[in-house]
Amino acid sequence: MSNRIYLCLAHMSDEGMEQKYVKEAFDTNWVVPLGPNVNGFESDLEAFVEQDKRVVALSSGTAAVHLALLACGVESGDEVICQSFTFCASANPVTYIGATPVFVDSEKDTWNMDPELLKEAIEDRMAKTGRKPKAIVVVYLYGMPAHIDEILAIANRYDIPLIEDAAEGMGSLYKGQVCGTYGKYGVLSFNGNKMITTSGGGALICPDEDAKNKVMWYATQAREAFPYYQHEAIGYNYRLSNVCAGIGRGQMTVLNDHIHRHREIAAMYREAFNGDCGVTFHDELEGMTSNFWLSTVLLDEKLHVRGEENAYKAAVKGAVGGAAGVVHATGESHTACEPLPQVEAMRMALDKEGIESRPLWKPMHLQPVFSSSPAYVNGVSESLFKRGLCLPSGPCVSDDDVRRIIATIKTNIL
């Protein structure tokens, strides 16, 4: 790795437990999407989330969202209420099924789904379509717990199953209970930038053994019980491999250390960015314990940053802020809704110093691909998107790194 400070990278255990389990997988020739590591990883996850839940290890968090929707009975033509302020993986699986996402904006304290808007959206969809939405997908944005009591109460009132997307919130707590265990299903992610990693992977927290078996059936091509291959439903190849699960078993030994380190880094940002310099740290509320997967700040609209006159002058050609894979270079430097010039100038200033950062998620209701989807908005997520920045937060980030990040930000404020 270079001296560049990355946004968030998972860290291997010092004892090399990942290598131990992976070696066992190769030594015993279990290199398929089943085996002792898969079973062991699922047991470790069940012990971690508690609440007498069952867990299925899967190939990605996106797969977990998809299977949760299927398990909730979502079909083509249905509507699913989704949090707008999130990554697209929370909403894309709705479209895989042929259903329609209905986006709900955020409240300003946690940045997660607004309970009052949720209630309004449900009642309006029922009035307009004559049917209830089939499911609700709430997100723990950047690891921050949502107002889950209020959201769950509304879901229960209308008898709509709640899916918790805790891909960013593994280890976050709401009133002492693990996020992802309040609703009917909970989603976890083990992508390379999450709290722990299996290099790529995810899991679905299920309410009981029957639900787990149904999800596993869908995840292994929906095969019927015959001595030959009989399929009466469409299934998916979504199970986690035994090799990747071995990495996950090793990572479980350092999960609490990772959470502790993320919170240490957040404390340093909290002390430095209390609003005095025009930068404000986004903090947790009483009764909520965030894993601070990413520490985030808001820049005051009146703040000026060195180089902001040059923001958006050149089109971006590659991925920005921890993104992996291929991006589509449009040749354009502007969209209809984008972060303020001072936010982009700060990102550029950090990048020049070898410090990776990125804007907050662009709300789904502002994404062109979802322009025809219903949306219930209050302006909160759009305002946050325009002003916010994610800062390096992973276990590989040292105290000296954090001090350099803080100094770079303050140096570039005019």
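As shown above, the structure is provided for reference.
About the cut-offs
- What you see as residue numbers is a count from 1 along each chain, following the sequence as written.
- It should be noted that, the model being predicted, local features are given only for residues of pLDDT at least 70 and side-chain atom pairs only at 80 or more, the latter also being counted only at that level, while totals for whole chains, interfaces and linings use all residues.
- Excluded from the side-chain calculation are hydrogens and water; included are all heavy atoms of the structure.
- Here, strands pair whenever DSSP counts at least two bridges between them.
- Elements are defined by DSSP. Helices are runs of H or I of four residues or more, strands are runs of E of two residues or more, and each kind is numbered from the N terminus.
- The contact rule is simple, with two residues in contact once any of their heavy atoms fall within 4.5 Å.
- For helices, the fitted axis covers only the stretch in contact; all axes are lines through C-alpha atoms, and the angles between them, taken along N-to-C directions, range from 0 to 180 degrees.
- Buried means the residue's accessible area, taken with a 1.4 Å probe over protein chains only, is under 20% of the maximum for its type, while exposed means over 50%, and partly exposed covers the values in between.
- Here, nonpolar core means buried Ala, Val, Leu, Ile, Met, Phe, Trp, Tyr and Cys residues that are tied together by side-chain atoms lying within 4.5 Å of each other.
- An angle below 35 degrees is treated as roughly parallel, one above 145 as roughly antiparallel, one from 65 to 115 as roughly perpendicular, and anything else as oblique.
- A crossing counts as left-handed when the near helix is turned anticlockwise from the far one by less than a right angle, and as right-handed when that turn is clockwise.
- Amino acids outside the nonpolar list (Ala, Val, Leu, Ile, Met, Phe, Trp, Tyr, Cys, Pro) and the charged list (Asp, Glu, Lys, Arg) are all regarded as polar, and Gly is one of them.
- Throughout, the arc means that of the directions going from the helix axis to the C-beta atoms.

Before we move on, could you go through the sheet that holds strand S5 (residues 162-165) and cite the residues and values that matter?
Strand order across the open sheet formed by eight strands is S1-S9-S8-S5-S4-S2-S3-S14, with mixed pairing between neighbours. Across the chains shown, the open sheet's two edge strands, defined by having one partner strand only, are strand S1 (54-58) and strand S14 (375-376). As judged from the three bridges shared by strand S2 (residues 79-83) and strand S4 (residues 135-139), these two strands associate in the parallel manner. Residue pairing across strands places cysteine 82 opposite valine 137, the latter belonging to S4. Sitting on the sheet, helix H6 (residues 148-157) touches S4 and S5, and the angle it makes with S5 is about 150°.

Could you give an account of unusual backbone geometry, naming the residues involved and the relevant values?
One non-glycine residue, tyrosine 142, adopts positive backbone phi at about 55°. The buried category is assigned to tyrosine 142, whose relative accessible area is 3%. A positive phi is found at aspartate 159, a non-glycine position, where the angle reads about 55°. As for its position among the elements, aspartate 159 is in the loop between H6 and S5.

Break down the nonpolar core for me, with residues and values.
Among the nonpolar cores identified, the biggest contains 61 residues, and Phe41, Leu45, Ile81, Ile136, Tyr142 and Met170 are the most heavily contacted of them. Setting aside residues no more than four positions away along its own chain, leucine 45 makes contact with Val55, Met170, Leu188, Phe190, Ala203 and Met252. Membership of the second largest hydrophobic core comes to 34 residues, among which are Val65, Leu69, Val137 and Tyr236.

Could you give an account of the packing of helix H9 (residues 255-272) against helix H12 (residues 399-411), with specific residues and numbers?
For the pair H9 and H12, interaxial distance at closest approach is 11 Å and the crossing angle is 30°. As summarised for this structure, H9 and H12 are arranged roughly parallel, according to the angle between their axes. For the element pair H9 and H12, the recorded crossing hand is right-handed. Taken together, the residues of H12 that come into contact with H9 (itself represented by Arg261, Ile265, Met268, Tyr269 and Ala272) are Asp399, Val402, Arg403, Ile405, Ile406 and Lys410. The residue makeup of the contact of H9 with H12, split by class, is seven nonpolar, no polar and four charged.

An account of H6 is needed here, citing residue identities and associated values.
Buried within H6 we find Ile148, Ile151, Leu152, Ile154 and Ala155. All buried residues of H6 project into a common sector of 160° when viewed along the axis, lining one side. Facing away from the buried side of H6 by more than 90 degrees, the exposed set consists of Asn156 and Arg157. Close packing links the buried residues of H6 with helix H5 (115-129), S4, S5 and strand S6 (173-174). Positive backbone phi, at 55°, marks aspartate 159, one or two positions downstream of H6.

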